[in-house]
Amino acid sequence: MVTVGVLMLDIKPVILLNLFVFFWCKISYLSANDKRIEISHQTCSIQYIIDKQNNYYLKYFGRLFYSHSLDVINSSDDNLENIRYQILDTYKHGNKISTQGLLFSEPFIFESSGGLGQSRLIKYQLQKTDNAPFKYDVLKLPDNIFVEGITELDDTILMTTLKKEELLVIDKKSMRLREKYTFTGDGWGVLRDDDTIVISNSTTDMSRFRLGNKVPIKKHKVLANNVILKGINEMEMVGEYIFANIWPTDCIAIIDKTNFVVLAWLDLSRLYPVTNRKYWSSVANGIAYDKKTGVLYVTGKNWDKIFAIKFESLNEKNN
Ligand SMILES: [Ca+2]
């Protein structure tokens, strides 16, 4: 013990000095980035996303070692475009809902709301903001479950769970838990692609599973401007594209589902005023798509509105 103590005394100042220099450099760099975010980033870009993600990890000190390399940050030259959109309508949304997943299954919206002890699946019809009160059916989940994304399969909702490796299968009509599947890895967003499901998580891997199988049959990485993208959260299949919220930003990545390459951004940062946001984490999250009308429903964590938007198609952009 004494020897260890002596060694510790010898090594400790060096370690402390190194730690001090590391954190000072990191914090100085990120502080500089904070200012740059305010001044120069008006739209979504890989640069903006990396800055925001580093800023988030600064808030949560233990995860400070998260790194996209500085080389990548300095070399990213985003040539991806932000597609335009038009607000068609607004609907009521509970500002106590910490949106994790959003789904349109006519005539209902299904929505998962996260948090330990607060997780629930909510089912409701879109309600105009000037009508009261907000009515919905709810399935409350056990206190030890933090629900994440949702997708649908026939008459069920599939719901991922944070760090539990469980996929919950819930009956759409009765809103009762029907069964559970286990899968390997964490669960954030989820979408169904024919007979497989794709689950995102806190890593750069998107895992593809056959339903009921524990081990993924494939892993995908999402590339934006040749940079591997992290933070893929809530997702939605929109025709041939995957629309994905990028945590913790207001950016939606529009991803080619055949090769997982980002083709464009949908920037929702001006949709909901920063002054109305309850928490620092109240970013855009929640994408639902009405295939019949082509309308996209989007919201954010603890926003009091859902927005119906019509977006410019990528083909129009290319013409
Ligand atoms: Ca969705």
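Our subject in this report is the structure included herewith. (Residues numbered from 1 in each chain as written. Predicted model: local features only at pLDDT ≥ 70, side-chain atom pairs only at ≥ 80, totals over all residues.)

**Section: the nonpolar core**
Formed by 67 residues in total, the largest nonpolar core has its most connected members in Ala244, Ile252, Ala253 and Ile254. Looking at which domains feed residues into this core, each of domain 1 (2-75) and domain 2 (81-318) gives three or more. (Core = buried A, V, L, I, M, F, W, Y, C linked by C-beta atoms within 7 Å. Buried ≥ 20, exposed ≤ 12 C-beta atoms within 10 Å, placed from the backbone. Domains from an automatic or database assignment.)

**Let's talk about the sheet that holds strand 23 (residues 305-311)**
Strand order in the open sheet made by the four strands is 2-23-22-21, with antiparallel pairing throughout. On the outer flanks of this sheet lie strand 2 (85-92) and strand 21 (284-290), each paired with one strand and no other. For this sheet the average axis-to-axis angle between neighbouring strands, irrespective of direction, equals 25°. Sheet topology places strand 21 next to strand 22 (residues 295-300); five bridges connect them, and they run antiparallel. Bridged to Ile287 within strand 22 is Val298. (Pairing = 2+ DSSP bridges. Helix = DSSP H or I, 4+ residues; strand = E, 2+ residues; numbered from the N terminus. Axes fitted to C-alpha atoms, helices over the stretch in contact; angles between N-to-C directions.)

**Here's the deal with the sheet that holds strand 7 (residues 147-153)**
In a beta sheet, neighbouring strands pair by backbone hydrogen bonds and run either parallel or antiparallel. Spatially, the four strands line up as an open sheet ordered 7-8-9-10, and their pairing is antiparallel. Of all the strands in the sheet, the pair left with one neighbour each is strand 7 and strand 10 (177-182). Each strand of the sheet is rotated relative to its neighbour by a mean of 25°, with strand direction disregarded. The pairing of strand 9 (residues 166-171) with strand 10 spans five bridges and is classified as antiparallel. Looking at the pairing, Leu168 lines up with Lys180 of strand 10.

**Observations concerning the pairing of strand 3 (residues 99-105)**
Within strand 3, six of the seven residues are buried, which leaves it mostly tucked inside the rest of the structure. Bridge count for strand 3 against strand 4 (residues 108-113) is six bridges, and the pairing is antiparallel. Note that in strand 4 the partner of Leu102 across the bridge is Glu111. Where strand 3 folds back on strand 4, the antiparallel hairpin that results is connected by two residues.

In short, shape yes, function no, at least from these values alone.
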